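A look at the structure
These are the residues of each chain, in order.
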Amino acid sequence: MFEGLSEKLSSIFDSLTRRGALSEEDVNLALREVRRALLEADVALDVVRSFVDKVRARAIGANVVKSVTPGQMVVKIVNDVLIETLGSDADPINLDAAAPVAIMMVGLQGAGKTTTAAKIAKRLKEQMGRKVLMASLDVKRPAAQEQLAVLGRQVGVDTLPIVAGQTPVQIAVRAEQAGRLQGYDVVLFDTAGRTHIDEALMQEMVEIKAASRPHEILLVADSLTGQDAVHLAKNFDDRVGITGIVLTRVDGDGRGGAALSMRAVTGKPIKLLGSGEKMDALEDFHPSRIANRILGM
Amino acid sequence: FTKRKLDAAMLDELEEVLIRADLGVATATHIAGLVGKGRYDKSIEVDEVKTILAEEVERVLAPYARPLEIDPAIKPFVILVVGVNGSGKTTTIGKLAAQFSQEGRKVLLAAGDTFRAAAIEQLRLWGDRLNCAVIAGNQGSDASALAFDAIRAARESGADILIMDTAGRLQNRAELMAELEKIVRVMKKVEPAAPHAVLLVLDATVGQNAVSQTEIFSKVAGVTGLVMTKLDGTARGGILVALAEKFQLPIHYVGVGETAADLAPFAARDFARAIAGLDETDAPRH
Ligand SMILES: Nc1nc2c(ncn2[C@@H]2O[C@H](COP(=O)(O)OP(=O)(O)OP(=O)(O)O)[C@@H](O)[C@H]2O)c(=O)[nH]1
Ligand SMILES: Nc1nc2c(ncn2[C@@H]2O[C@H](COP(=O)(O)OP(=O)(O)OP(=O)(O)O)[C@@H](O)[C@H]2O)c(=O)[nH]1
Ligand SMILES: [K+]
Ligand SMILES: [Mg+2]
Ligand SMILES: [Mg+2]
């Protein structure tokens, strides 16, 4: 469906058979295509702009080695800068704190928080042998707590018993106590979805953080997100200080530019990728894979 | 009021306003071009430009702002709700059921998401809230079998409208799309004209992928209209502008929150003004 950037750039450069250093004029021509490709991949406009500036600075005057065409050379520079911006390597969930280690999931409605919480719990239990408790603090979405309970049973991880009528903060306190008193290694706090401009709910999230004292705060976001990715990532980060990002629905056919936007605007690592509805569809983040996808290669 | 020349720089700025609202590069360039037509090099008030921009966007959308019409002669009128994971299908069904019930119609809901944990329970709770009957199978059971039972149950109970929920699925997952195709096929066996409406629920925060969603869901399930949710956030949902002309589908409703009342008819003018960065009230920003 999408034409790869490398094909576009090589067709631009086809007319230029010159070798040697890339001229400013050539680079600017190529960067117009780069800008367009990034915008079509849903990278946020301001992020595209600073990205393109970085590539320009590196490309002008760069020596084109014999074995590659100027188009391939620009693609290589773009790819290098992309990978640098996305973060160099897989950054795992950090459990380096006194037990029970609290992990809090936050994000917009429907992003995949509850599903991802259960996937992470399964992974911590099976691959790292941790004793995990999950608690749903979502008292808003119909059957949200029930959803986490069902997933807990599916993956063989305990969930905090549901007590009707408690506030999210009360549940958080109860979960923290249960985690401590019952010898859990990790407590996962699933929270209700919230739009980042809903002041009451953003305040509630801050209070949940105070009550649960999380070691990791993971922003769960849809990899299909458009231009709004920068705003949502920045607002969540400003309010609670996220420690990492989980991108869901990478099993889709989206170009995933939101990854670049959110990483660039928060500086926080992308830790995990959700790649399906099933409980084992959780993958480590590898920047080169996302970079290729953004570039349509 | 400050005046400026409508030049290339200004058109670039307008294009950027549209790109930020998720219209995509091609549509943004096209619409910015329409604003420039006949006005290029002329002096123009800065506030006026945004109004013109909004008018151009509105012009594209207006023909598609059409309500979902329920033909009272068709009973039960069958509505199938489809879309990717988490877009807001189940919640939108709750909102629609609330609206139809208020209009005095008898609604039956079918819990066709037999996959996701507690999806059936979620729809049941909406049913309880609204006093609507809900027909459901077991988790993991075949959704097309439920489609069959639901149309029969709707007939037998004299329901005016049957709304069927489906599991969220990404449009590139062929096996899941085949399941959806089967639901439609089975419905037609019981009632050849069913489903009478197929609503695709799109999340406003989603960017360019909404094009592929609309294309493939239309092909597989015969989408008849769109609903865009989560417009209460900061996402503008501008991809609708690209979708409108490409697919010529009516846009029925927008979702603006999580409660039963948070469903509004799609209003091209309000939507366009929000995209152009104008407030719903007429006060220009900055
Ligand atoms: N295809 C796919 N679907 C996913 C992925 N992660 C989650 N989902 C689905 O997305 C939908 C929403 O997931 P939830 O976990 O309920 O999302 P949430 O953020 O907890 O939603 P709220 O609590 O309502 O805000 C469900 O249908 C999940 O099965 C993923 O990586 N890929
Ligand atoms: N802010 C806001 N949230 C919404 C809107 N519509 C739905 N939601 C929320 O989005 C989340 C997902 O909604 P659902 O109705 O469960 O979505 P779905 O498409 O049925 O999800 P799956 O069945 O898992 O694919 C829930 O938390 C809803 O409350 C809306 O218009 N605005
Ligand atoms: K979403
Ligand atoms: Mg949830
Ligand atoms: Mg649902």
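Before reading further, recall that the structure is shown in the block above.
Below you will find a few notes about this structure. (Residues numbered from 1 in each chain as written. Chains lettered and ligands numbered in written order. Predicted model: local features only at pLDDT ≥ 70, side-chain atom pairs only at ≥ 80, totals over all residues. Heavy atoms only, no water.)

Let's talk about the site of ligand 1
The following threshold applies: If a single non-hydrogen atom of a residue is within 4 Å of a molecule or strand, that residue counts as near it. The term polar contact refers here to a pair of N or O atoms within 3.5 Å; inside protein, the definition further demands a hydrogen-donor-capable atom paired with an acceptor-capable atom, and it admits residues adjacent in sequence only when both atoms are side-chain atoms. In short, Shrake-Rupley with a 1.4 Å probe defines the accessible areas, and a residue's cover is counted only from the protein chains shown. The residue classification treats Ala, Val, Leu, Ile, Met, Phe, Trp, Tyr, Cys and Pro as nonpolar and Asp, Glu, Lys and Arg as charged. All others, Gly included, are polar.
Contacts to ligand 1 come from 25 residues, most closely from A:Gly112, A:Lys113, A:Thr114, A:Thr115 and A:Arg141. Those chains with residues close to ligand 1 are chains A and B. Between ligand 1 and A:Gly274, the relevant distance is 3.0 Å, taken from an oxygen atom to a main-chain nitrogen or oxygen of the residue. The separation between an oxygen atom of ligand 1 and a polar main-chain atom of A:Ser275 is 3.3 Å. Starting from 650 Å² of accessible surface for ligand 1 in isolation, the protein chains cover 96%. Here the residues of the shell around ligand 1 are counted per class, giving three nonpolar, 13 polar and nine charged.

Looking at the site of ligand 2
What counts is decided by this rule: For the purposes of this entry, the term helix denotes a DSSP run of H or I that reaches at least four residues, the term strand denotes a run of E that reaches at least two, and both are numbered from the N terminus.
Not every one of the 23 residues close to ligand 2 is listed here, only the nearest: B:Lys89, B:Thr90, B:Thr91, B:Asp232 and B:Glu258. Close to ligand 2, residues of chains A and B are found. Contact between ligand 2 and B:Arg116: an oxygen atom at 2.9 Å from a side-chain N or O atom of the residue. In the environment of ligand 2, an oxygen atom lies 3.4 Å from a nitrogen or oxygen atom belonging to the backbone of B:Val256. Bound to the protein, ligand 2 loses 96% of the 650 Å² it would expose on its own. Ranked by residue count, the leading element in the shell around ligand 2 is helix α4 (residues 89–102) of chain B, at four residues. Split into classes, the residues belonging to the shell around ligand 2 amount to one nonpolar, 14 polar and eight charged.

Some words on the side chain of B:Thr27
To keep it simple, the criterion reads: The contact rule is simple, with two residues in contact once any of their heavy atoms fall within 4.5 Å.
Take B:Thr27: it is sitting in helix α2 (residues 25–36). Beyond its immediate chain neighbours, meaning those up to four positions away, B:Thr27 contacts B:Val241 and B:Ala242.

Some remarks on the interface of chain A and chain B
Operational definition: Accessible area that two parts lose when put together, evaluated with a 1.4 Å probe and summed over both, is termed the buried area. Salt-bridge detection follows one rule: a side-chain nitrogen of Lys or Arg within 4 Å of a carboxyl oxygen of Asp or Glu.
Each partner contributes residues to the interface: chain A has 40 residues there, and chain B has 39 residues. A combined buried area of about 3,300 Å² lies between chain A and chain B, and 55% of that area is made up of carbon and sulfur atoms. Looking at the side of chain A facing chain B, the largest losses of area belong to A:Pro142, A:Asp253 and A:Glu277, adding up to 17% of the total buried there. Summed over the shared surface of chain A and chain B, the number is six salt bridges.

Focus on helix α10 (residues 258–266) of chain A
How we decide: Relative accessibility decides the category of a residue: with a 1.4 Å probe and only protein chains considered, values under 20% of the type maximum give buried, values over 50% give exposed, and everything between is partly exposed.
Among the nine residues that make up α10(A), seven are buried, leaving the element largely enclosed by the rest of the structure. Just downstream of α10(A), A:Gly267 is the residue with a positive phi angle, here 70 degrees.

As for the coordination of the potassium ion (ligand 3)
Note the following rule: In this description, a donor is an N, O or S atom within 2.8 Å of the metal centre, a cutoff extended to 3.2 Å for sodium, potassium and calcium. Water is not part of the atom list, which can make sites seem incomplete.
Of the protein atoms, only A:Asp222 (OD), A:Arg249 (NH2) and B:Asp203 (OD) coordinate the potassium ion (ligand 3), at distances of 2.5 to 3.2 Å. Here A:Asp222, found in strand β7 (residues 216–222), pairs with B:Asp203, found in strand β7 (residues 197–203), and the two come from separate chains. The same class applies to A:Asp222 and to B:Asp203, which are both buried.

Concerning the pairing of strand β4 (residues 132–136) of chain A
Residues and elements named next belong to chain A. Operational definition: In this scheme, strands are said to pair when DSSP sees at least two bridges between them. Orienting the strands away from the viewer, one traces the path from the first strand over the helix to the second; a clockwise path indicates a right-handed crossover.
Of all five residues in β4, five are buried; the element is thus mostly enclosed. Side-chain alternation along β4 places Val132, Met134 and Ser136 on one buried face and Leu133 and Ala135 on a second face that is also buried. In the sheet, β4 pairs with strand β6 (residues 186–190) via five bridges, with the strands oriented parallel. Across the sheet, the residue bridging to Ser136 is Asp190, located in β6. Pairing analysis gives two bridges linking β4 to strand β5 (residues 158–159), with the strands arranged parallel. If you follow Met134 over to β5, its bridge partner there is Thr159. For the crossover that starts at β4, traverses helix α6 (residues 144–155) and ends in the parallel β5, the hand is right-handed.

Here we look at the sheet that holds strand β9 (residues 251–255) of chain B
Strand pairing in a sheet is mediated by backbone hydrogen bonds. Such pairs are either parallel or antiparallel. All names here are of chain B. Using the following cut-off: Fitted lines through C-alpha atoms serve as axes, helices being fitted only where they are in contact, and the angles separating the N-to-C directions of these axes extend from 0 to 180 degrees.
Here we have eight strands laid out as an open sheet, ordered β5-β4-β6-β3-β7-β8-β9-β10, and mixed in their pairing. The sheet is open, and its two edges are formed by β5 (133–135) and β10 (263–265), each paired on a single side. Taking each pair of neighbouring strands and ignoring which way they run, the sheet shows an average axis angle of 25 degrees. Summarising the sheet, strand β4 (residues 107–110) and strand β6 (residues 161–164) pair through four bridges and their orientation is parallel. Residue pairing across strands places Val107 opposite Ile161, the latter belonging to β6. Packed onto the sheet, helix α8 (residues 209–221) meets β3 (77–82), β7 and β8 (225–229) and runs at close to 160 degrees relative to β7.

Observations regarding the nonpolar core
Put simply, the test is: Grouping buried Ala, Val, Leu, Ile, Met, Phe, Trp, Tyr and Cys residues that are joined through side-chain atoms within 4.5 Å yields what is termed a nonpolar core.
Core analysis: the biggest nonpolar cluster contains 153 residues, and A:Leu9, A:Leu86, A:Phe236, A:Met262, B:Leu61, B:Leu226 and B:Leu240 have the highest contact counts within it. For this core, the element with the most residues is helix α4 (residues 70–86) of chain A, which contributes eight residues. Setting aside anything within four residues of it in sequence, one finds B:Leu226 in contact with B:Leu200, B:Leu202, B:Thr214, B:Leu240, B:Leu243, B:Leu249, B:Pro250, B:Ile251, B:His252 and B:Tyr253. Grouped together as the second largest cluster of nonpolar side chains are 27 residues, A:Ala118, A:Ala121, A:Met134 and A:Leu272 included.

Looking at the sheet that holds β7(A)
All names here are of chain A. Strand order in the open sheet formed by eight strands is β5-β4-β6-β3-β7-β8-β9-β10, and the pairing between neighbours is mixed. Both outer strands of the open sheet, β5 and β10 (282–284), are each paired with one neighbouring strand and no more. Judged from the four bridges that link them, strand β3 (residues 101–106) and β7 form a sheet pairing that is parallel. Paired with Met105 across the bridge in β7 is Leu218. Sitting on the sheet, α6 touches β4, β5 and β6, and the angle it makes with β4 is about 160 degrees.

So, the packing of aromatic side chains
Worth spelling out the cut-off: In this analysis, rings of Phe, Tyr and Trp, with Trp reduced to its six-membered ring, are considered paired at centre separations within 6.5 Å, and the interplanar angle assigns stacked below 30 degrees, edge-to-face beyond 60, and tilted for intermediate values. Each ring is checked for a lysine NZ or an arginine CZ that lies within 6 Å of its centre and within 35 degrees of its normal; such an atom marks a charge sitting over the ring.
Taken as a whole and judged by the stated rule, the model has one aromatic pair over all chains. Between the NZ or CZ atom of A:Lys131 and the centre of the ring of A:Tyr184, over which it lies, the distance is 4.4 Å. The ring of B:Trp126 has B:Arg129 lying over it, and the distance from NZ or CZ to the ring centre is 4.4 Å.

Some remarks on the environment of A:Glu84
All names here are of chain A. Within the fold, Glu84 resides in helix α4. Look at Glu84 and you get partly exposed, because its relative accessible area is 48%. For the pair Glu84 and Ala291, spaced 207 residues apart in sequence, the C-alpha separation works out to 9.9 Å.

Concerning the environment of A:Arg194
All names here are of chain A. Among the structural elements, Arg194 can be located in the loop between β6 and α8 (199–212). Once the C-alpha coordinates of Arg194 and Gly110 are considered, the two residues, 84 residues apart in sequence, prove to be 9.2 Å apart. With near-sequence residues (within four places) excluded, Arg194 lies in contact with Gly107, Leu108, Gln109, Leu201, Met202, Glu204, Met205, Ile208 and Phe236. Of note is the side chain of Arg194, whose polar atom sits 2.9 Å from the side chain of Glu204.

A closer look at helix α7 (residues 168–181) of chain A
All names here are of chain A. Put simply, the test is: Helix span is expected to be 1.5 Å times the residue number reduced by one. What the arc measures is the spread of directions leading from the helix axis to the C-beta atoms.
End to end, α7 covers 20 Å across 14 residues, agreeing with the expected 20 Å (1.5 Å per residue, within 8%). Here α7 has its buried residues at Pro168, Ile171, Ala172, Ala175, Glu176, Ala178 and Gly179. Relative to the axis of α7, the buried residues are bounded by an arc of 165 degrees and lie together on one face. The secondary structure elements touched by the buried residues of α7 are β4, α6, β6 and α8.

Any link to function would need more than the numbers given here.
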